Amino acid sequence: MFTIDAHLDLSMNAMEWNRDLRLFATEINARERARGLTDKPDRGNAVVSFPDLRRGGIGLVVATQIARFVAPDNPLPGWNSPEQAWSQTQAQRHWYRTMEEAGELVQIVDKAGLDAHVARWQQTLATGGDTSRLPIGYILSLEGADSLLTPAHLERAHGSGLRALGPAHYGPGRYAHGTDASAPLNAAGRELLAEMDRLGLILDATHLCDAAFWEALDLFAGPVWASHNNCRALVDHNRQFSDEMIKALVDRGAVIGGALDAWMMVPGWVRGQSTPKDMQCDLEVMLDHLDHVCQVAGNADHIGIGSDLDGAFGREQAPHDLETIADLARLPAMLARRGYSAADIEKVMHGNWLRFLRSAWA
Ligand SMILES: [Zn+2]
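Just so it is clear, the model here is predicted, and its values are computed rather than measured. (Residues numbered from 1 in each chain as written. Predicted model: local features only at pLDDT ≥ 70, side-chain atom pairs only at ≥ 80, totals over all residues. Heavy atoms only, no water.)

1. Notes on the nonpolar core
Formed by 112 residues in total, the largest nonpolar core has its most connected members in Leu-10, Leu-148, Leu-249 and Leu-309. The greatest single-element share of this core, amounting to eight residues, is contributed by helix 11 (residues 283-297). (Core = buried A, V, L, I, M, F, W, Y, C linked by side-chain atoms within 4.5 Å. Buried < 20%, exposed > 50% of the residue type's maximum accessible area, 1.4 Å probe, protein only. Helix = DSSP H or I, 4+ residues; strand = E, 2+ residues; numbered from the N terminus.)

Printed below as a string of structure tokens:
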């Protein structure tokens with residue numbers, strides 16, 4: 001089934017993990033193991049690549065640019081100046097362009113392009129055709145706004161095709177505080193939201209700390225989604241959405257993407273110690289989170305996939321029954337076993353994201 005994944009850090013993997021995503025994940029992993037790389041915790045555990053995406057019918061993704069600025073007292077990994085962070089996102093943008101020139105990707109920036117791309121994939125899938133040569137569509141999103149030197153830089157980014165922005169990531173941000181931090185929006189953050197409204201960008205509510213989340217929903221008039229976010233009711237952490245937040249997003253017509261980072265799926269995960277098998281973390285757990293959103297919403301119109309796979313973690317911190325991202329193709333049968341109707345399964349796999357985008361870009 002044609003599938004949309006609304007959150008993948010593709011360019012970060014290419015430019016910081018030095019992964020050639022044209023190879024199968026098994027080949028990427030074999031290279032990393034052969035070189036004995038240990039510089040990242042997820043070396044040799046990649047699950048995302050272009051051929052694996054195509055194998056899974058995942059023909060459209062929201063792909064990020066991501067680069068954090070860290071002040072001297074911030075222990076998180078990141079760049080020491082916003083200028084370096086901006087330049088890193090420009091390298092990432094350049095890689096996406098280069099992959100377009102190679103025929104691997106096609107950038108989607110408007111409704112006409114979206115409709116044409118989806119029709120091409122759906123026709124190929126419906127006729128049992130070969131998807132292995134189809135370009136994967138990508139919608140460019142910026143995760144964390146630190147790299148925007150000024151709110152005015154957003155117009156330049158929009159000119160390069162940026163269509164969604166999450167102002168925050170982990171920790172304190174230059175525009176908004178994110179996961180494990182807490183503060184209301186600052187003046188620059190409020191200015192940024194106004195600029196997003198002017199340019200028609202989608203606000204990604206993912207990672208906003210609670211104070212910034214509520215303020216942003218009040219201030220921002222445009223379309224809001226949460227590309228990769230699970231439920232606080234199932235795993236109690238500030239990174240997750242409370243039922244109240246889910247309700248507010250549903251009222252705004254948002255779609256929330258279920259994420260496959262194990263620590264956000266099962267309670268009690270200890271980084272670097274817990275294993276997906278021991279914690280019984282499998283794909284069914286993701287459906288528990290999606291199902292919870294449906295119970296709060298009263299329907300299946302507000303859920304989708306935002307896997308975040310290979311988002312600085314790999315198989316060591318992902319569902320144990322997932323070998324590569326192509327395994328997302330097993331979700332329709334799993335949803336059917338839970339009693340989801342055929343129409344609702346299509347909504348989860350692509351329909352809700354498409355409805356959202358067509359309305360946002362109408
Ligand atoms: Zn994230």
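2. Observations regarding the packing of aromatic side chains
Going through the model one piece at a time under the given rule, you end up with eight aromatic pairs. Aromatic pair Tyr-96 and Tyr-138: ring centres 4.9 Å apart, planes at 15°, arrangement stacked. Placement of the pair is Tyr-96 in helix 4 (residues 82-101) and Tyr-138 in strand 4 (residues 136-143), with a sequence separation of 42 residues. The exposure class assigned to Tyr-96 is buried, which follows from its relative accessible area of 1%. (Phe/Tyr/Trp six-rings, centres within 6.5 Å; stacked < 30°, edge-to-face > 60°.)

3. Looking at the coordination of the zinc ion
Taken together, the protein ligands of the zinc ion are Glu-143 (OE), His-207 (NE2) and His-228 (NE2), with distances of 2.1 to 2.2 Å. Motif for the zinc ion, donor spacing along one chain: E-x63-H-x20-H. A residue pair is termed long-range when its members are at least 10 positions apart, and His-207 in the loop between strand 6 (202-204) and helix 8 (210-219) and His-228 in the loop between strand 7 (224-225) and helix 9 (243-251) qualify at 21 residues. Like His-228, His-207 is buried. (Donors = N, O, S within 2.8 Å, 3.2 Å for Na, K, Ca; no water.)

4. Quick look at unusual backbone geometry
The backbone phi angle of Asp-180 is positive, close to 65°, even though this residue is not glycine. Its place among the elements puts Asp-180 in the loop between strand 5 (162-166) and helix 7 (187-199). Phi is positive for Ala-312, close to 70°, though the residue is something other than glycine. Tracing the backbone through its elements, the reader meets Ala-312 in the loop between strand 9 (303-305) and helix 12 (331-337).

5. Looking at helix 7
Between its first and last C-alpha atoms helix 7 spans 19 Å; for 13 residues at 1.5 Å apiece the expected length is 18 Å, and the two agree. Within helix 7, the full set of buried residues consists of Gly-189, Leu-192, Leu-193, Glu-195, Met-196 and Leu-199. Projected down its long axis, helix 7 shows its buried positions confined to an angular sector of 160°, all on one face. Facing away from the buried side of helix 7, by more than 90 degrees, are the exposed residues Ala-187 and Arg-198. Residues of helix 7 that are buried make contact with helix 6 (153-159), strand 5, strand 6 and helix 8. Regarding helix 7, its N-cap is Asn-186, as a side-chain oxygen of that residue lies 3.2 Å from the backbone nitrogen of Ala-188 further along. Gly-200 lies just past helix 7 and shows a positive phi near 80°. (Expected span 1.5 Å × (residues − 1). Arc of directions from axis to C-beta. Contact = heavy atoms within 4.5 Å. Polar contact = N/O pair within 3.5 Å; in protein donor to acceptor, adjacent residues only side chain to side chain.)

6. Let's talk about helix 4
When the terminal C-alpha atoms of helix 4 are compared, their 29 Å separation across 20 residues agrees well with the 28 Å that a helix rising 1.5 Å per residue should span. Looking at helix 4, one finds that the buried residues are Pro-82, Ala-85, Trp-86, Gln-88, Thr-89, Gln-92, Trp-95, Tyr-96 and Met-99. Positive phi shows up at Gly-103, right after helix 4, with a value of about 80°.

7. Observations concerning the side chain of Ser-274
With respect to the helices and strands, the residue Ser-274 is situated in the loop between helix 10 (262-265) and helix 11. For Ser-274, the side chain forms a polar contact with the main-chain nitrogen of Val-270, separated by 2.8 Å.

8. Structural notes on the pairing of strand 2 (residues 58-65)
Taking burial as the measure, the eight residues of strand 2 include eight buried ones, the bulk of the element. The pairing of strand 1 (residues 3-8) with strand 2 spans four bridges and is classified as parallel. Within the sheet, the bridge partner assigned to Asp-5 lies in strand 2 and is Val-61. As judged from the six bridges shared by strand 2 and strand 4, these two strands associate in the parallel manner. Residue Ala-63 lies in a different strand from strand 4, and its bridge partner there is Leu-140. (Pairing = 2+ DSSP bridges.)

9. Description of the packing of helix 7 against helix 8
When two helices pack together, you describe them by how their axes are tilted relative to each other and by the distance separating the axes. Two elements in contact, helix 7 and helix 8, have axes whose closest approach is 10 Å; the angle formed by their N-to-C orientations is 40°. Here helix 7 lies oblique to helix 8, going by the angle between them. Between helix 7 and helix 8 the crossing geometry is right-handed. For the pair helix 7 and helix 8, the contacting residues are Arg-190, Leu-193 and Asp-197 in the first and Glu-215, Ala-216 and Leu-219 in the second. Taken together, the residues of the contact of helix 7 with helix 8 sort by class into three nonpolar, no polar and three charged. (Axes fitted to C-alpha atoms, helices over the stretch in contact; angles between N-to-C directions. Parallel < 35°, antiparallel > 145°, perpendicular 65-115°, else oblique. Left-handed = near helix turned anticlockwise from the far one by under 90°. Nonpolar A, V, L, I, M, F, W, Y, C, P; charged D, E, K, R; others polar.)

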